Amino acid sequence: MTSDAAPELLLSIESTCDETAAAVIRRDGTVLGQCIATQETLHEQFGGVVPEIAARAHLERILPVINTALKQADVCGEDLTAIAVADRPGLAGSLLVGVVAAKTLALAWSKPLIALNHLHAHLYACQLIDGAPENIYPAIGLIVSGGHTSLYVCHTAIELEYLGGTIDDAAGEAFDKVAAMLSLPFPGGVEVAKLASEGNDKAYSFPRSMIHDPGDDFSFSGLKTAVRYAIAGPGRQDFSTLEISDQVKRDVCASFEAAVVDVLVSKCRRAIKRHKNRNKSNANEANRLIVGGGVAANQRLRRDLQAAADQDGFELWIAPPHLCTDNAVMGAIAWKKFEAEQFASLDLDITPGLQRGF
Ligand code: KG4
Ligand code: ZN
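Residues numbered from 1 in each chain as written. Chains lettered and ligands numbered in written order. Predicted model: local features only at pLDDT ≥ 70, side-chain atom pairs only at ≥ 80, totals over all residues. Heavy atoms only, no water.

S.K.: Any chance you could break down the layout of surface pockets for me, citing the residues and the numbers?
M.R.: Its boundaries defined by the atoms lining it, the second largest pocket holds a volume of some 300 Å³. Together, 17 residues line the second largest pocket, and D28, G29, Y124, Q127 and L128 are the ones closest to its centre. Ranked by the residues each element gives to the lining of the second largest pocket, the list is headed by helix α10 (residues 334–339), at three residues. Residue composition of the lining of the second largest pocket, by class: ten nonpolar, two polar and five charged. (1 Å grid on protein atoms, 1.4 Å probe; cavity = no way out; pocket = protein on both sides within 12 Å on 5 of 7 lines; lining within 4 Å. Points joined across faces, edges and corners; volume = space filled by probe spheres on them. Helix = DSSP H or I, 4+ residues; strand = E, 2+ residues; numbered from the N terminus. Nonpolar A, V, L, I, M, F, W, Y, C, P; charged D, E, K, R; others polar.)

Next up, the structure:
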């Protein structure tokens, strides 16, 4: 590639949890190469992500994954304009692998380094939808992932104000734990959603925790316990020996999914309304909801959010299903940091970000 015609190219690296991913993204948003290595088979037998195993697997995969993305894009290190990596939040060992790889390549190839907030990147996936406004911000942002359930006012792609979030389990975590109780394959969210689509969502009356709370916090651990009681009763239980009929599984999944979705939709509607009233002088401010994270792939959530948007008159953009779960393409947000000249130094450290309000 000659330097005259050289487009500006970003290498984006993602390793916050159990997906090792890299993408080469042009400044105009075109994805030239991308690769994701999943680790599902490694964690399957444990029914959840084991941090040490995840870190070791990232270590084995990170360079092949980056190489594949570069090869697909037909570029080499010298062609890059910048290197971006998610440095927060996530599993410490997993984050470390991505951050060390990015710093090393930035040093070796003399490229600027950009540090990304993985959650902001999840929301930025909405900006990548075909037909999205050129600037999708400002908006109210809902993150629903395996580790987070949070609401933000997103002033810009990279300036976000935390409104509230889960005080215990994340929505995705609840999906995964219910799947484990029902002995469904890992990762559980997709399996629970699949069974839910064939079940009766009124078969069980599960709690909609904090749905009437005027704040923006969520709680899903009571719901998880209610599911446990419904299928096994209180006390110690070896779920692998429980015999649960297929119909009960379908009905539990449908009723559980309905409870999660009702809470998420209701909280979003309230946050949008509140912000619309607060910003009457600027009607556009936050009359738009953007949604990202693994659980945003859930069909019932997408359908019910759309119904709420139609009824309440707000604009809704949900990340495309293939960009809901972890990927490096949403790292295109790094171009916004590039434009704002927000570069990281080579002593960049990870921020696992376990505290609330992140
Ligand atoms: O965003 P993500 O890939 O990882 C984190 O950053 O946490 O989200 C993964 C989560 C898992 O909990 C998974 O079970 C859930 O998203 N998930 C779903 C669906 N697809 C993935 N939950 C409900 N319905 C789905 N269709
Ligand atoms: Zn994620």
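So much for the structure itself; the text now carries on.
S.K.: For the packing of aromatic side chains, give the residues involved together with the corresponding values.
M.R.: Remark: the centre distance and the inter-plane angle together describe each pair of aromatic rings, the angle taken between the planes. By the definition in use, this model includes six aromatic pairs. In textbook terms, an aromatic cluster arises when at least three aromatic residues are bridged by ring pairs, as seen for W335, F338 and F343. (Phe/Tyr/Trp six-rings, centres within 6.5 Å; stacked < 30°, edge-to-face > 60°.)

S.K.: I'd love a proper account of the site of ligand 1, names of residues and values included.
M.R.: Near ligand 1, the surroundings consist of 19 residues, among which G146, D176, G189, G294 and D326 are the closest. At a separation of 2.8 Å, an oxygen atom of ligand 1 approaches a polar backbone atom of G146. In isolation ligand 1 has 550 Å² of accessible area, and contact with the protein removes 88% of it. Listing elements by their share of the shell around ligand 1, those giving two or more residues are α4 (118–124), α5 (171–181) and α6 (188–196). Among the residues making up the shell around ligand 1, the classes are represented as six nonpolar, eleven polar and two charged. (Near = heavy atom within 4 Å. Polar contact = N/O pair within 3.5 Å; in protein donor to acceptor, adjacent residues only side chain to side chain. Areas by Shrake-Rupley, 256 points an atom, 1.4 Å probe, with all protein chains shown as cover.)

S.K.: Tell me about the packing of α5 against helix α8 (residues 246–278), and name the residues and values.
M.R.: Interhelical geometry of α5 versus α8 gives an angle of 170° and a closest axis separation of 11 Å. The pairing of α5 with α8 is recorded here as roughly antiparallel in orientation. Seen from α5, the contacting residues are A171, A174, F175 and V178; seen from α8, they are F256, E257 and V260. (Axes fitted to C-alpha atoms, helices over the stretch in contact; angles between N-to-C directions. Parallel < 35°, antiparallel > 145°, perpendicular 65-115°, else oblique. Contact = heavy atoms within 4.5 Å.)

S.K.: Account for the coordination of the zinc ion (ligand 2), naming residues and giving values.
M.R.: Protein-derived ligands of the zinc ion (ligand 2) are H118 (NE2), H122 (NE2) and D326 (OD), with the metal-ligand distances lying across 2.0 to 2.1 Å. In this structure, the zinc ion (ligand 2) is coordinated by four donor atoms arranged in irregular fashion, with angles at the metal of 94 to 135°. Every donor residue of the zinc ion (ligand 2) comes from the same chain, spaced as H-x3-H-x203-D. Remark: D326 occurs in the loop between β10 (315–318) and α10 and H118 occurs in helix α4; sequence separation between them is 208 residues. Overall, H118 belongs to the buried group, its relative accessible area being 7%. (Donors = N, O, S within 2.8 Å, 3.2 Å for Na, K, Ca; no water. Tetrahedral: all angles 85-135°; square planar, octahedral: opposite > 155°, others 65-115°. Buried < 20%, exposed > 50% of the residue type's maximum accessible area, 1.4 Å probe, protein only.)

S.K.: Describe α6, with residues and values.
M.R.: For an α-helix, the turn length of 3.6 residues means that residues three or four places apart are oriented alike. Along α6, the positions that sit buried rather than exposed are G188, V192, L195 and A196. One face of α6 carries all of its buried residues, which in axial projection span an arc of 105°. Where α6 is buried, its residues contact α5 and α8. (Arc of directions from axis to C-beta.)

S.K.: Mind laying out the pairing of strand β2 (residues 19–26), listing which residues take part and the relevant values?
M.R.: Across the eight residues of β2, seven count as buried, placing the element largely inside the fold. Looking at chain direction, strand β1 (residues 9–14) and β2 are connected through six bridges and run antiparallel. Across the sheet, L9 pairs through a bridge with R26, a residue of β2. Examined bridge by bridge, β2 and strand β3 (residues 31–38) share seven bridges and lie antiparallel to one another. The residue bridging A21 from the neighbouring strand is I36, located in β3. Counting the residues that bridge the hairpin from β2 to β3 gives four residues, and of these G29 lies at a positive phi of roughly 95°. (Pairing = 2+ DSSP bridges.)

S.K.: Run through the nonpolar core, naming residues and quoting values.
M.R.: By size, the foremost hydrophobic cluster in this structure holds 87 residues, and its most contacted members are F256 and L289. Ranked by residue count, the leading element in this core is α8, at 13 residues. Excluding anything up to four places from it in sequence, L289 contacts I140, L142, C268, I272, L305, F314, E315, L316 and W317. By size, the runner-up hydrophobic cluster in this structure holds 29 residues, among which are I62, V65, A69 and A344. (Core = buried A, V, L, I, M, F, W, Y, C linked by side-chain atoms within 4.5 Å.)

S.K.: Which residues make up the side chain of H118, and what values go with them?
M.R.: Of the polar contacts made by the side chain of H118, one reaches the side chain of E14; its length is 2.9 Å. At 3.4 Å, the side chain of H118 forms a polar contact with the side chain of T16. Sequence-distant contacts of H118, defined by excluding residues within four places in its chain, comprise E14, T16, A86, R88, P89, D326 and M330.

S.K.: I'd like to hear about empty space enclosed by the protein, residue by residue, with values.
M.R.: In total, this model carries one cavity of 30 Å³ or more according to the counting rule given. Forming the walls of the largest cavity are S12, I13, E14, A86, L116, H118, A121, N327, A328, M330 and G331. For the lining of the largest cavity, the element with the highest residue contribution is β1, accounting for three residues. Considering only residue class, the lining of the largest cavity consists of six nonpolar, four polar and one charged.

S.K.: Which residues make up the sheet that holds strand β6 (residues 139–144), and what are the values?
M.R.: Read from one edge to the other, the open sheet built from five strands follows the order β8-β7-β6-β9-β10, with strand pairing classed as mixed. Each end of this open sheet is capped by a strand with a single partner; those strands are β8 (160–165) and β10. Taken pair by pair, the neighbouring strands of this sheet meet at an average axis angle of 20°, ignoring direction. Where strand β7 (residues 149–154) meets β8, five bridges bridge the pair, whose relative direction is antiparallel. When the bridges of β8 are listed, S150 appears paired with G165.

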